[in-house]
Amino acid sequence: MDLYEMRSRLQVIAEETTASEEDEENEEEDEDEFVMVRNRKLTSDPSDPPDAWCRDCSVPTHSNPSERTHTQHRVVTLNAAAQEIKSELGKRSSSLVEKITQMDNFIGNLEEIFITVEENFGRQEQNLEQHYNDVLQSLSQRFRDNSAALLDEKKLKLEALYGQLLSCGDALTASKELIEHAQELHRCDDKHAFLQTVMSSIKRMEEFSKDELELKVGVSLDFVPPPSDLTEVKHMMDSINVVPAPSAPVMNPQAVNSASPSSLRVCWSLFSDDTVDFYELYCRQISEDIATETMHDASVLRVKETHCVVKDLRPNSQYEFWVTATNTTGISPASEKAVYMTVPSPPVIRERECVSCLEAALIRWDSGNTNPVESYTLELCEDGETDNAVTESIVAIPTCECVVQLQPWKRYIITIRAVNIGGASEKSRPIRISTTGTFFHLLKETAHPILCVLDDGFTIVYPDEDLPLSDMVFSDTTFNCCVAVLGDLIPVRGRHYWEIEVDDWTEYRVGVAYEDTQRSSYLGANATSWCMRHICTPSRHKYEFLHNGWSADVRITVQPLCVGVFLDYDSSTLSFYNTHLQQHLHTFRCCFTHNVLPCFALDKPGTLRIHTGVPTPSYVTHTHT
Amino acid sequence: MALTQVSSNKCCGGYQKVFEHDSSELKCKMKFAIYLPPKAESGKCPVLYWLSGLTCTEQNFITKSGSQRAASEHGIIIVAPDTSPRGCNIEGEDESWDFGTGAGFYVDATQEPWKTNYRMYSYVTEELPRLINSNFPVDPEKMSISGHSMGGHGALICALKNPGKYKAVSAFSPICNPVQCAWGHKAFSGYLGPEKSTWEAYDATLLAASYSGPELDILIDQGREDQFLSASQLLPDNLIAACSEKKIPVVFRLQQGYDHSYFFVFSFIDDHIKHHAKYLNA
């Protein structure tokens, strides 16, 4: 191929062009002189050099109108003309340069094509050789098979004929013997002896003649040519000049970070020798719901590359993919099926069910996905950090809740991701947690039907007008006797503090209870709850500190309008305070066998306002060291 | 005011000591007990004054109440004086257990022959604190007071008569309203004379009704089986009513099954020391 040569020639041309441009520039200084020389030649008037240019005749002339030749022509000054023509020249040469560049590119392409063609033909040659070898092998095999068959047949026939020959000979000998015997008898003169022996001889001859002699040739006299099925060879011969159909491609397993909730990047590979025009990618969602057994229809995508981003998929779902390769000759078998999985949708944190204390938070969330995901990842960072970088993550959380250990007196931002084989979802919307105190919500599902929890979530009201019993809906979790509700305290054994604001005449019970405290009894009346009770008698305010139906006899002279409750698992105590006076009212010493929950009850219509997340006052912690 | 150490015993990491000194107020030799917690070796500590009941000396409290452990934990010095002047040779001072020796009632007597020596109120509120402050590592700003029975009465009146002087006050089975009970009648008429208006200055219930000053948080424990409660010597209800009226914070705990003894005091002394610690160590 002369491409290289061609290219080098073109390069030479390009160089020359540039060189001439440079020359031109150099010559510019000598322009006048140049013009003069040309003028001299053309006008042959050395005494009067031309100072103008006729555009129509493209010759130098005089601006002086004495020369009439160019009267009607467009005559410009010599300088202007030179300028014009130079720019024209510049344009032409630049377009030439452009063409050279194009040519260069073209040559590049040609080179690539050259290489490809060379490679392809090389491959074709190989294929051809391979094919012919195959055909030859096939033919020689056929030859070997056929000639062996021929030999076998020959041997069989000859053996049969030889056998027949031998038996004929035997019969002949026997006949001859009999004839000789007969002749001998015939010659015998002794009639009596003759008659005595002749009968047995005749008998033997009769018997012998009975045996019919087989005088037909025992083998087929026709030569049946062996069948020769050459269609396969013919087929092989036919296919010699054709590109082979591709073999089945191989699906690649799902790559890390290649999935999103709605799309998957699917990859496969093929054998390097195959020529492929396009692939067809089949995609089918695998139904999680085995009960329905409905097969989703497969969709097909035609792609040129060995990868494809499949879009518009459902999050957290499994899809099976398989692919066929097609070229001019035909279509490959389908690849094995590969299962890919889309990433889950981000979970949704249930803000109203997240609780915390000084050292920990319990975060609860909804999966955000209809199908189960593999696990969840909780990420937390300190609020106010400049880059909000994740400082801690908890991975492989199997359920939709997690208790995370935190530092006291800090603010955190917590997010959740859902994870499956395909990868992790986006972050959920964050929740902010401040570890200033114990923060909990009320468990509305435990509230006595008559008890209202206001929208702020922390004010409970026993309304004045009684609800008719028929309108009350009780469940297994609701208090059905005591107008009470439980709080959702974080299940972390440590120290917890909360406050309850009360009115002068509110009759209430506040304290703690086991989660399974009897719903049919009053708080403090059983062994599963501890509470402070306020009763208004006509003469005074009465306070009881009730557990198991028994109360310490305590008189309090100043009625608390805000009760502080301090639960200390470390010292197994539950203490009550009048927060306004910082006055200690009572302490239960109790061995909590399992976790307790705050409880609040109203014995008469009234209101309680619960304050959570408040720091524990120093007068409370101080005396509990 | 020279102090003579009578005894010193290591206890709960600190020292339980008894000293004797010549009292200028009482014009006699007086003994007092002082518990110095381990913390007193390295710094100043608050002081809880303990006033004992009828017939007691400085010994009852320090040998029976088991107060040292909690005092050691909270770093509180406890000073327990005797309950009356002794050996003053006043006629009739040893005649009865509820008057005279061992029954000073924490008043400054105005009547002969008691008025020279029986000045227990001034002794426990003035002379003794001065003595303690100048001889021991104490924080003079942080003192509180407690007592049992007659001493409970003493603690209450000291606190109610000196607003702000004591950071906290508590009492076990105190005589809450002496002007209304037999013990009070006997003592007050003897020490203060027949004019009942003079008694009012030493009656906790009446003092509470007229109290004005910084908020006092009063803790009172009372045994339910206390014979003197049923004998109407203590009358806590009257004090509670007065405090309820005046909104003086009191937590009054009627402890089931307990009597008037130091077994009762021993059972709840930790709560009281904790109560004092809350204010003394604040």
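Per an unreviewed UniProt entry, the recorded name for chain B is S-formylglutathione hydrolase, and the organism is Ictalurus punctatus. Its UniProt record gives chain B the following Function (unreviewed entry) comment, quoted word for word: "Serine hydrolase involved in the detoxification of formaldehyde."

Chain A has the name Fibronectin type III and SPRY domain-containing protein 2 in an unreviewed UniProt entry, where Ictalurus punctatus is given as its organism.

J.: Can you walk me through the overall build of chain B in this structure?
T.: For chain B, the count of helices and strands is nine helices and nine strands. The buried share of chain B, taken over its 282 residues, is 61%. In chain B, the share of contacts with a sequence separation of at least 24, taken over all contacts with a separation of at least 6, comes to 73%. With the model as given, the accessible surface of chain B reaches about 10500 Å², and the carbon-plus-sulfur share is 48%.

J.: Sorry, what's going on with the overall build of chain A here?
T.: Across its full length, chain A holds six helices and 33 strands. Taking all 625 residues of chain A together, 38% fall into the buried category. Residue pairs in contact within chain A that sit at least 24 positions apart in sequence constitute 66% of those at least 6 positions apart. Summing over all exposed atoms, chain A offers an accessible surface of approximately 36900 Å²; the carbon and sulfur share of this is 54%.

J.: When you look at the interface of chain A and chain B in this model, what are you seeing that I'm missing?
T.: A common measure of how large an interface is: the accessible area buried when the components associate. Taken together, the contact pairs 16 residues of chain A with 22 residues of chain B. For the pair chain A and chain B, the two sides together bury roughly 1800 Å², of which 50% comes from carbon and sulfur. The interface formed by chain A and chain B contains three salt bridges. Salt-bridge contacts for Arg224(B) lead to Asp553(A); the nearest nitrogen and oxygen are separated by 3.6 Å. Put simply, chain A and chain B have eight residue pairs in polar contact (both at pLDDT 80 or more) between them. When contributions to the side of chain A that touches chain B are tallied by element, the ones reaching two or more residues are β28 (550–556), β31 (583–589) and α6 (618–622) of chain A.

J.: How should empty space enclosed by the protein be read in this particular structure?
T.: Unoccupied space between atoms shows up once a probe the size of one water molecule is rolled over them. All names here are of chain B. As enumerated under the stated definition, the model contains one cavity of 30 Å³ or more in all. Surrounding the largest cavity, Gln16, Ala33, Ile34, Tyr35, Phe61, Ile62, Ser67, Gln68, Ile78 and Ala80 form its lining. Among the secondary structure elements, those contributing two or more residues to the lining of the largest cavity are β3 (28–36), α1 (58–64) and β5 (77–81). Per-element accounting of the lining of the largest cavity gives the leading share, three residues, to β3. Residues that form the lining of the largest cavity fall into these classes: seven nonpolar, three polar and no charged.

J.: Would you explain the UniProt feature "active site" (unreviewed entry) in chain B in this entry?
T.: All names here are of chain B. As annotated in UniProt, the feature "active site" (unreviewed entry) corresponds to Ser149, Asp226 and His260 in the numbering used here. Over a stretch of 112 residues, the named residues converge on one spot in the fold, their C-alpha atoms separated by at most 10.7 Å. As for its placement among the helices and strands, Ser149 is situated in the loop between β6 (138–148) and α4 (150–161). Not counting residues up to four positions away in its chain, the partners in contact with Ser149 are Gly53, Phe172, Ser173, Pro174, Ile175, Trp183 and His260. Counting through the fold element by element, Asp226 comes out in the loop between β8 (218–223) and α7 (227–230). Note on Asp226: relative accessible area 1%, which makes it buried. Setting aside its immediate chain neighbours within four residues, Asp226 contacts Ser173, Leu234, Tyr258, Asp259 and His260.

J.: Before we go on, may I ask you to explain the layout of surface pockets in this structure?
T.: Roughly 1000 Å³ of volume is contained in the largest pocket. Lining the largest pocket are 48 residues, and of these His584(A), Thr587(A), Arg589(A), Arg253(B) and Asp271(B) sit closest to its centre. In terms of residue count, helix α9 (residues 262–280) of chain B provides more of the lining of the largest pocket than any other element does, eight residues in total.

J.: In this structure, what is going on with the side chain of Thr517(A)? I would like to understand it.
T.: Tracing the sequence through the fold places Thr517(A) in the loop between β25 (508–514) and β26 (529–536). Among the polar contacts listed, one links the side chain of Thr517(A) to the side chain of Thr528(A), at a separation of 2.7 Å.

J.: Can you walk me through unusual backbone geometry in this structure?
T.: As a rule of thumb, non-glycine residues mostly have phi less than zero, and peptide bonds are mostly trans rather than cis. Residues and elements named next belong to chain B. Look at the link from Glu112 to Pro113: it is a cis peptide, with omega at 0 degrees. Mapped onto the elements of the fold, Pro113 is located in the loop between β5 and α3 (120–135). In this structure, Lys247 takes a positive phi of about 55 degrees despite not being glycine. Within the secondary structure, Lys247 sits in the loop between α8 (236–246) and β9 (250–255).

J.: Help me understand the packing of aromatic side chains in this model?
T.: Residue and element names in this part refer to chain B. Overall, the coordinates contain 32 aromatic pairs over all chains when judged by the stated rule. Note on Phe99 and Trp114: the rings are 5.0 Å apart at their centroids and 85 degrees apart in plane angle, and the pair reads as edge-to-face. Of this pair, Phe99 sits in the loop between β5 and α3 while Trp114 sits in the loop between β5 and α3, and the two are 15 residues apart along the sequence. In this pair, the class of Phe99 matches that of Trp114, namely buried. Ring centres of Phe188 and Trp199 lie 6.0 Å apart, and the angle between their planes is 70 degrees; on these two criteria the pair is classed as edge-to-face. Placement of the pair is Phe188 in helix α5 (residues 182–192) and Trp199 in the loop between α5 and α6 (204–209), with a sequence separation of 11 residues.

J.: Just checking my understanding: could you explain the packing of helix α3 (residues 78–187) of chain A against helix α4 (residues 191–210) of chain A for this structure?
T.: Residues and elements named next belong to chain A. It is the contact of α3 with α4, at a shortest axis distance of 10 Å, that shows an interaxial angle of 160 degrees. Taken as axis vectors, α3 and α4 run roughly antiparallel relative to one another. As for how α3 packs across α4, the hand of that crossing is left-handed. Mapping the contact onto sequence places Ala171, Ala174, Ser175, Leu178, His181, Ala182, Leu185 and His186 in α3 and Phe194, Thr197, Val198, Ser201, Arg204, Met205 and Phe208 in α4.

J.: I tried to follow the pattern of salt bridges on my own but got confused; where do I start?
T.: Side chains that carry opposite charge are capable of pairing whenever their charged atoms lie near each other. Taken as a whole and judged by the stated rule, the model has 32 salt bridges over all chains. Where Glu507(A) meets Lys604(A), a salt bridge forms, and the shortest distance between an N and an O atom there is 3.2 Å. Taken together, the positions of Glu507(A) in the loop between β24 (495–502) and β25 and Lys604(A) in the loop between β32 (596–602) and β33 (606–611) put the pair 97 residues apart, joining distant regions of the chain. Between Arg253(B) and Asp271(B) there is a salt bridge; the shortest N-O distance is 2.7 Å. You can see Arg253(B) sitting in strand β9 and its partner Asp271(B) sitting in helix α9, a full 18 residues away along the chain. By relative accessible area, Asp271(B) is classed as partly exposed at 22%. Sharing partners across several salt bridges, the network here consists of Arg509(A), Arg533(A), Lys542(A), Glu544(A) and Asp603(A).

J.: It is not clear to me how the sheet that holds strand β8 (residues 307–310) of chain A should be interpreted in this structure. Could you clarify?
T.: In a beta sheet, neighbouring strands pair by backbone hydrogen bonds and run either parallel or antiparallel. Residue and element names in this part refer to chain A. Read across the sheet, three strands follow the order β4-β5-β8 without closing on themselves; strand pairing throughout is antiparallel. Each having just a single partner strand, β4 (250–251) and β8 make up the two edges of the open sheet. Where strand β5 (residues 264–269) lies against β8, four bridges are found, and the strand directions are antiparallel. Paired with Cys267 across the bridge in β8 is His307.

J.: Any chance you could explain the pairing of strand β30 (residues 573–578) of chain A here in plain terms?
T.: Successive side chains on a regular strand alternate, one facing one side of the sheet and the next facing the other. Residues and elements named next belong to chain A. Counting buried positions along β30 gives six out of six residues, so the element sits mostly inside the fold. Side chains Thr573, Ser575 and Tyr577 project from β30 onto one buried face, and the interleaved Leu574, Phe576 and Asn578 project onto a second face that is buried too. Where strand β29 (residues 562–568) lies against β30, six bridges are found, and the strand directions are antiparallel. Opposite Asp568, over in β30, you have Thr573 as the bridge partner. Connecting β29 to the next strand, β30, in antiparallel fashion are four residues, including Ser572 with a positive phi near 55 degrees.

Conventions used here
Residues numbered from 1 in each chain as written. Chains lettered and ligands numbered in written order. Predicted model: local features only at pLDDT ≥ 70, side-chain atom pairs only at ≥ 80, totals over all residues. Heavy atoms only, no water. UniProt positions renumbered as here; feature names shortened; annotations may be inferred. Helix = DSSP H or I, 4+ residues; strand = E, 2+ residues; numbered from the N terminus. Buried < 20%, exposed > 50% of the residue type's maximum accessible area, 1.4 Å probe, protein only. Contact = heavy atoms within 4.5 Å. Areas by Shrake-Rupley, 256 points an atom, 1.4 Å probe, with all protein chains shown as cover. Buried area = accessible area lost by both parts, 1.4 Å probe. Salt bridge = Lys/Arg side-chain N within 4 Å of Asp/Glu carboxyl O. Polar contact = N/O pair within 3.5 Å; in protein donor to acceptor, adjacent residues only side chain to side chain. 1 Å grid on protein atoms, 1.4 Å probe; cavity = no way out; pocket = protein on both sides within 12 Å on 5 of 7 lines; lining within 4 Å. Points joined across faces, edges and corners; volume = space filled by probe spheres on them. Nonpolar A, V, L, I, M, F, W, Y, C, P; charged D, E, K, R; others polar. Phe/Tyr/Trp six-rings, centres within 6.5 Å; stacked < 30°, edge-to-face > 60°. Axes fitted to C-alpha atoms, helices over the stretch in contact; angles between N-to-C directions. Parallel < 35°, antiparallel > 145°, perpendicular 65-115°, else oblique. Left-handed = near helix turned anticlockwise from the far one by under 90°. Pairing = 2+ DSSP bridges.

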